[in-house]
2 protein chains.
Amino acid sequence: MSKYWSSLVSELQPYVPGEQPKMANLIKLNTNENPFGPSPKVISAIKSELNDNLRLYPDPEGHALKEAIASYYIDFGIEENQVFVGNGSDEVLAHIFQGLLKQDKPILFPDITYSFYPVYCGLYKVESNIIPLTESFEINPDDYKRDNGGVIFPNPNAPTGRYMGLQHVQAIVEANLDSVVVVDEAYIDFGGETAIRLVNQYPNLVVCQTLSKARSLAGLRVGFAVANAELIEGLNRVKDSFNSYPLDRLALAGAVAAFEDRQWFEDSCNGVIREREKVTKGLEKLGFEVLPSKANFVFARHPEHKGADVAAELREQGIIVRHFNKPRISEFLRITIGTSDQNNALIKALDFL
Amino acid sequence: MSKYWSSLVSELQPYVPGEQPKMANLIKLNTNENPFGPSPKVISAIKSELNDNLRLYPDPEGHALKEAIASYYIDFGIEENQVFVGNGSDEVLAHIFQGLLKQDKPILFPDITYSFYPVYCGLYKVESNIIPLTESFEINPDDYKRDNGGVIFPNPNAPTGRYMGLQHVQAIVEANLDSVVVVDEAYIDFGGETAIRLVNQYPNLVVCQTLSKARSLAGLRVGFAVANAELIEGLNRVKDSFNSYPLDRLALAGAVAAFEDRQWFEDSCNGVIREREKVTKGLEKLGFEVLPSKANFVFARHPEHKGADVAAELREQGIIVRHFNKPRISEFLRITIGTSDQNNALIKALDFL
């Protein structure tokens, strides 16, 4: 607390990201990073940009990347002016909250969801109505058919991993044609179907994605949104009033290459999906209830052991998973899918149960 | 304009960055980039980080970089918790406007200054009182001794290049102990003396810098602020409510190396200073009035030729400089100091005058 702070600052409840421990040899299954590295083509694309040109500003518009993304989604008729890029999907979401979701009426999002949403609401003074997930931790589309200033939810949801079929997403978008519906698809590529397919049908739909998960580039900070050109123009106006160049030359080059190497991306997603099925079975065998997941993590609880205790015991054994001390989910652990060896080590470490 | 935009969005007047032309062989003296490349140690530090670890999130706190900056300014007693880092000084300034300068009273800044300040005011609804520079385009410290919610100015000022001695900066800071005074030192290393030296004397002083100019890393997007720990904590609260990881792994590594290679940095600054003196003399010989500059650019007008006309003629000849179509300075050109060859080409191109 300081007399020099804006009144806003003392009210903020900042987001707390998953721990990034400095210790070596830890098995890090707590921040949903991809166990497989990025495409070698990403590394070489960055290497080609690694020269004296770093003295020059990057392209403030990120044209090459927008073009690569539009061309990746060409089957859905996406054009460059329908793509917005930013420093990770967190920055993209922040601009979405300020530029599209800050309205006179409260926005809607689930009670159990990405915990950055309420933080953005605090930062931009956006009112919200929190909608409880069903008993089985699902989003019920009917709950989003009420007056609102906007709607946002992840699909698959975080930290539950539960996926909602595209027809249900569409039902929510269609029921809210007067407000913006944001589908936050950080984890969509691990078995879900993207709502980008619907963008040209609905003027109120924004689909947000990241390169941190399926494209293994958490360390490079690139996220994007796809929507109709008018919504994207609104986001550009906010971005150009905040920071002209959020993506550096290396991040732009690497991100373009990541979209170009489709094969690497698909192999990597399939690898995670295979391992997810293995981990799910292993956990179930140990007595865990595992929510059906289409993400690169599973959300699981044991009927006889407290989530916090299991997390602590795993940590003793050098494995970090994420535990949220929050109503309804305090018995759950969110476990990132690791490499085959890491997943085997996890199951073995849970022997004590 | 869209019915889906927040009311804020239509009111915004976004910042327009200098042109980044795609044409090759242009002499680009319009965005104050450094004519010399970054230290080779920066390139190799980034290369070492260019591997599978890009799948992992960067350190959200950027500890290594804060440490490198604190250690660079160790003579002024700066510690790590007095350093804030962000995606270019534009992002750092944005957080400063939202977290420190948004107060009940209007803030003060010069009429001729960095044109992003009024844009931030629009984004965060910060009221301002604009203080005219003197006839000779200087900041008069006495003009900043009036009731305010904060003060911000660049030193050297942009786009004039005029520098104010540290005793005058100190006078402004001391006259405003109840509000935050931000000294934006993007160009300080080309001959000025940093106010970081004063940070431990004044709880209300924030000094903001960038690695885009003197450290030749415009393409990497790194900026920082130094202030007392309480102000930095305020900025961290805003940042952690916006985007946990604004600096990617490569930018962090490169920035640390840039602070470690002191020799390269000093040689580069001295090179720019030498060329600046040469360009100044050349322009004066052609009849230009050149404002005294401590930046990596000069601000100059010709008594007999319109600024816009000279800029257009230079462009015909493949040289881009920046012209601002604004009251009081529309006859001026802002010319970035280039390499020796580029500067010679500039003077030669102005032969037509």
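Residues numbered from 1 in each chain as written. Chains lettered and ligands numbered in written order. Predicted model: local features only at pLDDT ≥ 70, side-chain atom pairs only at ≥ 80, totals over all residues. Heavy atoms only, no water.

Where an unreviewed UniProt entry is consulted, chain A appears under the name Histidinol-phosphate aminotransferase, with the organism given as Marinobacter litoralis. In its Catalytic activity (unreviewed entry) section, the UniProt record describing chain A reads: "L-histidinol phosphate + 2-oxoglutarate = 3-(imidazol-4-yl)-2-oxopropyl phosphate + L-glutamate". (UniProt positions renumbered as here; feature names shortened; annotations may be inferred.)

Another point: the nonpolar core. Across soluble globular proteins, nonpolar side chains show a tendency to be buried alongside one another. A:Leu65 and B:Leu65 are the most contacted members of the largest nonpolar core, which has 173 residues in total. Core analysis: the next-biggest nonpolar cluster, separate from the first, contains 74 residues, A:Tyr15, A:Ile107, A:Cys208 and B:Trp5 among them. (Core = buried A, V, L, I, M, F, W, Y, C linked by side-chain atoms within 4.5 Å. Buried < 20%, exposed > 50% of the residue type's maximum accessible area, 1.4 Å probe, protein only.)

A few words now on the UniProt feature "modified residue: N6-(pyridoxal phosphate)lysine" (unreviewed entry) in chain A. Feature annotation in UniProt places "modified residue: N6-(pyridoxal phosphate)lysine" (unreviewed entry) on A:Lys213, given in this structure's numbering. Secondary-structure assignment places A:Lys213 in the loop between strand 7 (205-210) and strand 8 (223-226). Overall, the relative accessible area of 6% leaves A:Lys213 in the buried class. Ignoring any residue separated from it by four or fewer positions in sequence, one finds A:Lys213 in contact with A:Thr31, A:Asn32, A:Asn34, A:Ala186, A:Tyr187, A:Phe190 and B:Tyr57. (Helix = DSSP H or I, 4+ residues; strand = E, 2+ residues; numbered from the N terminus. Contact = heavy atoms within 4.5 Å.)

Before going further, it helps to spend a moment on the sheet that holds strand 9 (residues 289-290) of chain A. Residue and element names in this part refer to chain A. Overall, antiparallel pairing links the 3 strands, which are arranged 9-10-12 in an open sheet. The open sheet has two edge strands, strand 9 and strand 12 (332-336), and neither has a second partner. Here strand 9 pairs with strand 10 (residues 297-301) via 2 bridges, running antiparallel. Bridge assignment links Val 290 to a residue of strand 10, and that residue is Ala 300. (Pairing = 2+ DSSP bridges.)

Moving on to the packing of helix 9 (residues 262-285) of chain B against helix 11 (residues 340-349) of chain B. Residues and elements named next belong to chain B. Packing of helix 9 against helix 11 leaves a shortest axis separation of 10 Å and a crossing angle of 5°. As judged from the angle between their axes, helix 9 and helix 11 are roughly parallel. Across the interface between the two elements, Glu 275, Lys 278, Val 279, Gly 282 and Leu 283 from helix 9 touch Ser 340, Asn 343, Asn 344, Leu 346 and Ile 347 from helix 11. Broken down by class, the residue content of the contact of helix 9 with helix 11 amounts to 4 nonpolar, 4 polar and 2 charged. (Axes fitted to C-alpha atoms, helices over the stretch in contact; angles between N-to-C directions. Parallel < 35°, antiparallel > 145°, perpendicular 65-115°, else oblique. Nonpolar A, V, L, I, M, F, W, Y, C, P; charged D, E, K, R; others polar.)

A few words now on the relation of the copies chain B and chain A. Both copies of the chain are tied together by a single rotation about an axis and a shift running along it. With an RMSD of 0.0 Å, the fit of chain B onto chain A corresponds to turning through 180° and sliding 0.0 Å along the axis. Read as a symmetry element, the transformation amounts to a two-fold axis. Mapped onto chain A, 100% of the interface residues of chain B again fall at the interface, so both copies present the same surface. (Least-squares fit on C-alpha atoms with pLDDT ≥ 70 in both.)

In many analyses, interface size is given as the accessible surface area lost on bringing the parts together. At the junction of the two partners, chain B supplies 86 residues and chain A supplies 86 residues. Interface area, chain B with chain A, both sides summed: about 7,000 Å², of which 56% is carbon and sulfur. Our enumeration of links across chain B and chain A arrives at 2 salt bridges. A salt bridge links A:Asp178 to B:Lys3; the nearest nitrogen and oxygen atoms lie 2.9 Å apart. Taken together, the elements giving at least two residues each to the side of chain B that touches chain A come down to helix 1 (7-11), helix 2 (40-49), helix 4 (88-101), helix 5 (117-124), helix 7 (229-239) and helix 8 (249-260) of chain B. Here the side of chain B that touches chain A gets 8 residues from one element, more than from any other, and that element is helix 4 of chain B. Of the residues that constitute the side of chain B that touches chain A, the class distribution is 42 nonpolar, 24 polar and 20 charged. (Buried area = accessible area lost by both parts, 1.4 Å probe. Salt bridge = Lys/Arg side-chain N within 4 Å of Asp/Glu carboxyl O.)

The next point concerns the pairing of strand 6 (residues 181-184) of chain A. All names here are of chain A. By the alternation rule, side chains of strand 6 split into Val 181 and Val 183 and Val 182 and Asp 184, which are all buried. Assessed by its sense of winding, the connection that carries the chain from strand 5 (residues 151-154) through helix 6 (residues 166-174) to strand 6 is right-handed. As paired elements, strand 6 and strand 7 share 4 bridges and run parallel to each other. Looking across to strand 7, one finds that Asp 184 is bridged to Cys 208. (Right-handed = clockwise from strand over helix to strand, strands pointing away.)

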